[in-house]
Amino acid sequence: MQLSLFPILGLIPLSLAAPSAGAGSWSAAYAKASAAVAKLNITEKVGIVTGVGWQKGNCVGNTSPAPSIGYRAPCLMDSPLGVRYAQGVTAFPAGIQAASTWDRTLINERGTAMGQEVRGLGVNVLLGPVCGPLGKNARGGRNWEGFSPDPYLAGIAMQETINGIQGAGGQACAKHYIGNEQELNRGSMSANIGDRTLHELYLWPFADAVKANVASVMCSYNKVNGTYSCENKHTMTEVLKGELGFKGYIMSDWNAQTTTINSANSGLDMSMPGDDYSGIPSHIYWGPKLVASVENGSVPESRLNNMAERILASWYYVGQDKNYPLDTFDAWNNGTGGPDVQDDHKVVARAIARDGIVLLKNDDKVLPLHKPKSLAIVGYDAITNPDGPNACTDRNCDNGTLAMGWGSGTDQFPYLVSPLDAIQAQASKDNTKLVLSTSNDVSAGGNAAKQADMALVFINADSGEGYITVEGNAGDRNDLNPWNNGNELVAAVAAVNKKTIVVIHSVGPLILESILSNKNVVGIVWAGIPGQETGNGLADVLHGSTSPSGKLPYTIAKQPSDYGTDIVPGDDNYPEGLYIDYRHFDKAGITPRYEFGFGLSYTSFSFSRLSVRSSATSGPTHGSTAPGGPSDLYSTVATVTAQVKNTGKVTGAEVAQLYIDLPSSAPDHPPKQLRGFDKLQLRPGQTGTATYELRKKDLSYWDVASQKWVVPKGTFKVYIGASSRNIKLTGSLTVH
Ligand code: NOJ
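Let us look at the structure shown here. Since the structure is predicted, the reported quantities are computational estimates derived from the model, not experimental observations.

Let us look at the overall build of the protein chain. Along the protein chain, the regular secondary structure elements total 19 helices and 27 strands. Against the globule reference of 27 Å for 736 residues, the protein chain gives a C-alpha radius of gyration of 25 Å, in line with a compact fold. Principal axes of the C-alpha set define a box for the protein chain whose edges measure 80 × 65 × 60 Å. Going through the 736 residues of the protein chain one by one, you find that 65% of them count as buried. Long-range pairs, those at least 24 residues apart, make up 77% of the contacts in the protein chain between residues at least 6 apart in sequence. Summed over all atoms, the accessible surface of the protein chain reaches about 24,100 Å², with 50% contributed by carbon and sulfur. Seen as two clouds, the 60 positive and the 66 negative side-chain charges of the protein chain have centres 7 Å apart.

Take a look at the structure:
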């Protein structure tokens, strides 16, 4: 957009274009990149595509500079929730919390704020966002780094996050491509995914990322259909670069590469971190070995040129060739040496901590709190780790309130406002006496709860990346129970306090049946993985300055087996196909405890006046390939609207969700699939219009035989609801 204005404005020279020209043009970027690559010799080009080795630069990943073309050594840094291993950065809410808001604007603002921190620190590439794992396994260790097992929600969140990061001048990296759905044996197992399942579930959000012009994609540790992801010509070259028209570059996950020649010829563009962590020169797959392979013709020089062009084009595309700050911090020296880049980003961090909270249960309107005389606060999840919020490296412990999971998907808390901190501040205003028991000691918790009118019990469940084991959980969770006697703690409190409210910080679904069996549990607040502003976001909801408006981005089942999927010890054949999360519950007729899309409010809403306008025609897509796939796949073919009214007494926001059911002419398909959502903030009595623009993609299935997206003939059902199982309006759309 920036560029297209210049002909009109005439006089403005291109060099005045915003340095963060996130919406640049690929063709201009490629013109510069191929001119630059033409000036380089083989060794220089190999330097651009090969990492300098683990901890040999000042970032998590670095490659070599090419001074003759003005290309500085780029800096690649984790994570999907903020810049890891740096000081003076924001610890944003995790991806899953952002998704839980169902608020595009907030998701975009989070991306923008992360991009500003990336740029401010002189980081070139932020290693996020995540849509692999998508989240097919409820116990999957890294699901919280991503957004949702629903590909549509994940895809929109990918787009908004990438637009934010790249709009601010950083390069984003969509990861981990593809099938990295578990930590167990991630470096040896094969995800055997059928073509239709791949397209309609796991590839879908990556396609949205490509559509958003993501600069880079990280191939994953696992095999896909028997071939390592970073050696896989089908997934890298045919699908990502071919079918999806991806213009950026593919980097390996750290040491996920297993060959020199095959990885190059299969489509890998950048080797990270460049060695296998051992520092032994002969263990480097590219570098001198790639030089030799190009010289002896095993890797065509055109392939090497293409790698370097893709990397340089992405750098030009986001405008990092112009006035980009130099990175001055050292990731390997506590992240010191860089500027403080937090700015006012705590505002969006708090908004997401708050608006991602899902109110699951609120009997007799026990919430919001109305200045209770006394309140018991029970559980270690209410307080900051007594040793400090960053005491455990890469958050490799579960001491104190859970505000991020563990592993590479973390960053340093600049501070942490714990739930207790924020509740204490409000209690002193309200004259509420607090009775504390900030451990999970069951009898101490019961004693505290006895002495108060109401009790808040804090419990959690953690998970993370598999290189770390915490309390016996090797990345993936061992089970779907709260940690450290959480159920027993709740029972002890509920046994003595008639107004027991449970606050849960969790990386993903938990089985809540034990908790719900206590009749004195009158409220459940699902507070997610909220980052540094956790306490403030929670207090906003507990005390009612904001009505809760988050919705579950996954299903909470009554028992683990209801999910129909689980972590497997060997290869995973994905027998469930398209049927993960609510798609499976709907198809199998299983009643969840709390369904996908569920969340209560302090107000109430009514829905009316569904309108469906469609110009969709049946048949395959036929557009030319553009980033994201055939260009027509993303064109709007139907517009749906519905009226939502706030019928209650306080301001609140409703996420009006649109699900479709494909016509019977389509092959076997889920009964409902999310294909739109609109979050409306409404005053009491106010009516708003939820608007959904359905893309051709949203009405299509992947036809394996023709290898095309196809809009089926017939009548689609269109559902508008407050959740996947609370459908308020039903309409239809007929395609000829
Ligand atoms: C491995 C993780 O899978 C990836 O997400 C991360 O970016 C790299 N390590 C670098 O830390």
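Taken together, the neighbourhood of the ligand is formed by 14 residues, with Asp 78, Arg 142, Lys 175, His 176 and Asp 253 sitting nearest. The side chain of Asp 78 places a nitrogen or oxygen atom 2.5 Å from an oxygen atom of the ligand. The fraction of the free accessible surface of the ligand (290 Å²) that becomes covered by protein chains is 96%. For the shell around the ligand, the class distribution of residues is 5 nonpolar, 2 polar and 7 charged.

Turning to the state of the cysteines, a few remarks are in order. Applying the stated criterion to the full structure yields 3 disulfides. The residue that forms a disulfide with Cys 59 is Cys 75, at a sulfur-sulfur distance of 2.0 Å. Around the S-S axis, the bridge from Cys 59 to Cys 75 shows a dihedral of about -100° and counts as left-handed. Pair noted here: Cys 59 is in the loop between α3 (42-49) and β1 (61-62) and Cys 75 is in strand β2 (residues 75-77), with a separation of 16 residues, a long-range link.

Moving on to the side chain of Thr 641. Relative to the assigned elements, Thr 641 resides in strand β20 (residues 636-646). Not counting residues up to four positions away in its chain, the partners in contact with Thr 641 are Arg 609, Leu 610, Ser 611, Thr 689, Ala 690 and Thr 691.

What follows is about the sheet that holds strand β27 (residues 727-735). What links the strands of a sheet is backbone hydrogen bonding, and the strands pair in either a parallel or an antiparallel sense. Pairing is antiparallel in the open sheet, where 4 strands are placed in the order β22-β21-β26-β27. Unpaired on one side and paired on the other, β22 (673-682) and β27 mark the two borders of the sheet. For this sheet, the mean angle separating the axes of adjacent strands, direction not counted, is 20°. Both strand β21 (residues 652-661) and strand β26 (residues 714-721) contribute to a ladder of 5 bridges, which runs antiparallel. Directly across from Ile 660, in β26, lies its bridge partner Val 718.

Definitions and cut-offs
- Residues numbered from 1 in each chain as written.
- Predicted model: local features only at pLDDT ≥ 70, side-chain atom pairs only at ≥ 80, totals over all residues.
- Heavy atoms only, no water.
- Helix = DSSP H or I, 4+ residues; strand = E, 2+ residues; numbered from the N terminus.
- Rg over C-alpha atoms; globule rule 2.2 N^0.38 Å.
- Buried < 20%, exposed > 50% of the residue type's maximum accessible area, 1.4 Å probe, protein only.
- Contact = heavy atoms within 4.5 Å.
- Areas by Shrake-Rupley, 256 points an atom, 1.4 Å probe, with all protein chains shown as cover.
- Lys, Arg positive; Asp, Glu negative; His and termini not counted.
- Charge placed at Lys NZ, Arg CZ, Asp CG, Glu CD.
- Near = heavy atom within 4 Å.
- Polar contact = N/O pair within 3.5 Å; in protein donor to acceptor, adjacent residues only side chain to side chain.
- Nonpolar A, V, L, I, M, F, W, Y, C, P; charged D, E, K, R; others polar.
- Disulfide = S-S within 2.5 Å.
- Pairing = 2+ DSSP bridges.
- Axes fitted to C-alpha atoms, helices over the stretch in contact; angles between N-to-C directions.

None of the figures reported here should be taken as evidence of function without further support.
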